[in-house]
Amino acid sequence: MENWQRAFVLHTRTYSESSLLVDLFVENVGKVTILAKGARRKKSVLKGILQPFTPLIVQYSGQGEIKNLRQVEAISLTLPLVSVFLYSAFYLNELLDRVLLAETETNTLFDDYLISLQQLAQQVPAESVLRAFELALLENLGYHVDFFHCSATGDDIVETMHYQYQSEKGFISSLLQNSTSFTGEQVLALGKREFLTIDTLKAAKRFTRMALKPYIGSKPFKSRELFLKI
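Residues numbered from 1 in each chain as written. Predicted model: local features only at pLDDT ≥ 70, side-chain atom pairs only at ≥ 80, totals over all residues. Heavy atoms only, no water.

Turning next to the pattern of salt bridges. This model, assessed by the stated rule, comprises 8 salt bridges. Ionic pairing is found between K67 and E103, a salt bridge with its closest N-O pair at 3.2 Å. Note that K67 is positioned in strand β5 (residues 66-74) and E103 in the loop between α2 (83-99) and α3 (109-121), a separation of 36 residues in sequence. A residue is classified by how much of its surface remains accessible, and E103, at 41% relative accessible area, is partly exposed. Note that E139 is salt-bridged to R193, the shortest N-O span being 2.6 Å. Separated by 54 residues along the polypeptide, E139 in helix α4 (residues 126-140) and R193 in the loop between α5 (184-192) and α6 (198-216) bring together distant segments of the chain. The partly exposed category is assigned to R193, whose relative accessible area is 31%. Several salt bridges share partner residues, and in doing so they unite R6, E27 and D111 into one network. (Salt bridge = Lys/Arg side-chain N within 4 Å of Asp/Glu carboxyl O. Helix = DSSP H or I, 4+ residues; strand = E, 2+ residues; numbered from the N terminus. Buried < 20%, exposed > 50% of the residue type's maximum accessible area, 1.4 Å probe, protein only.)

Written out as structure tokens, the structure reads:
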């Protein structure tokens, strides 16, 4: 289908009495804001289609920051997300909407996002899915950290040693143990994106919060507020 692109809705907001502004995550394009004219009208089919977690194909046009939606179709049913898995998916959307720059291609991130949604729909442990996606997001943002070598010496990371994390530089072997220190086992788990223990999972959350902070700022996530109500 010529000029159709795969996409997901990240966020919607009212534009007028009858229209919506929609932030889309578009394959090979990144975040695109489109104007969906008439989407708020009672008889509009767009209202039911432009929903989060529904795989879409879209056509849009325009040269400015806000594009005009031409056509949109759902290519499958909305992914079946419930409870903590639904809130986790909303966190992914909120994270992408906050971090992505308009129309900046993000390599493999669209596929990473789709895989993460599918895993959440299959009820794969949510914390593991979120940490793996956050690491993929950091990589796509150009935040490259070597999780397999000491950044000071180039030596292999050793499971039983401790390492200090230095922002955007990497891990340096150290005897200190504080909020920025990790065991070699935890560092290697980050590199493999495999969190098989509670300890490595907690360490991954600590690392991604530190690494993402410059991108997301201090504004609270609404999706985290939902987590607290579970």
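The discussion continues.
This part is about the sheet that holds strand β8 (residues 181-183). The sheet built from 3 strands is open, its strands ordered β7-β6-β8 with antiparallel pairing. Each edge of the open sheet carries a strand with a single partner, namely β7 (170-173) and β8. Pairs of neighbouring strands in the sheet enclose a mean axial angle of 40 degrees, with direction left out of account. Here α5 sits on the sheet and contacts β6 (162-166), β7 and β8; the angle it forms with β8, its principal contact strand, is near 85 degrees. Most of the contacts of α6 go to β8, to which it runs at about 145 degrees, and overall it touches β6, β7 and β8. (Pairing = 2+ DSSP bridges. Axes fitted to C-alpha atoms, helices over the stretch in contact; angles between N-to-C directions. Contact = heavy atoms within 4.5 Å.)

Looking now at the layout of surface pockets. By volume, the second largest pocket is sized at about 220 Å³. Surrounding the second largest pocket, D112, I115, S116, Q119, V124, S128, V129, A132, F133, A136 and R193 form its lining. Among the elements of the structure, α3 and α4 are those that each provide at least two residues to the lining of the second largest pocket. The element contributing the most residues to the lining of the second largest pocket is α4, with 5 residues. (1 Å grid on protein atoms, 1.4 Å probe; cavity = no way out; pocket = protein on both sides within 12 Å on 5 of 7 lines; lining within 4 Å. Points joined across faces, edges and corners; volume = space filled by probe spheres on them.)

Here we come to the side chain of Q186. Turning to its location among the elements, Q186 is positioned in helix α5. For Q186, a relative accessible area of 7% gives the class buried. At 2.9 Å, the side chain of Q186 forms a polar contact with the backbone nitrogen of T183. (Polar contact = N/O pair within 3.5 Å; in protein donor to acceptor, adjacent residues only side chain to side chain.)

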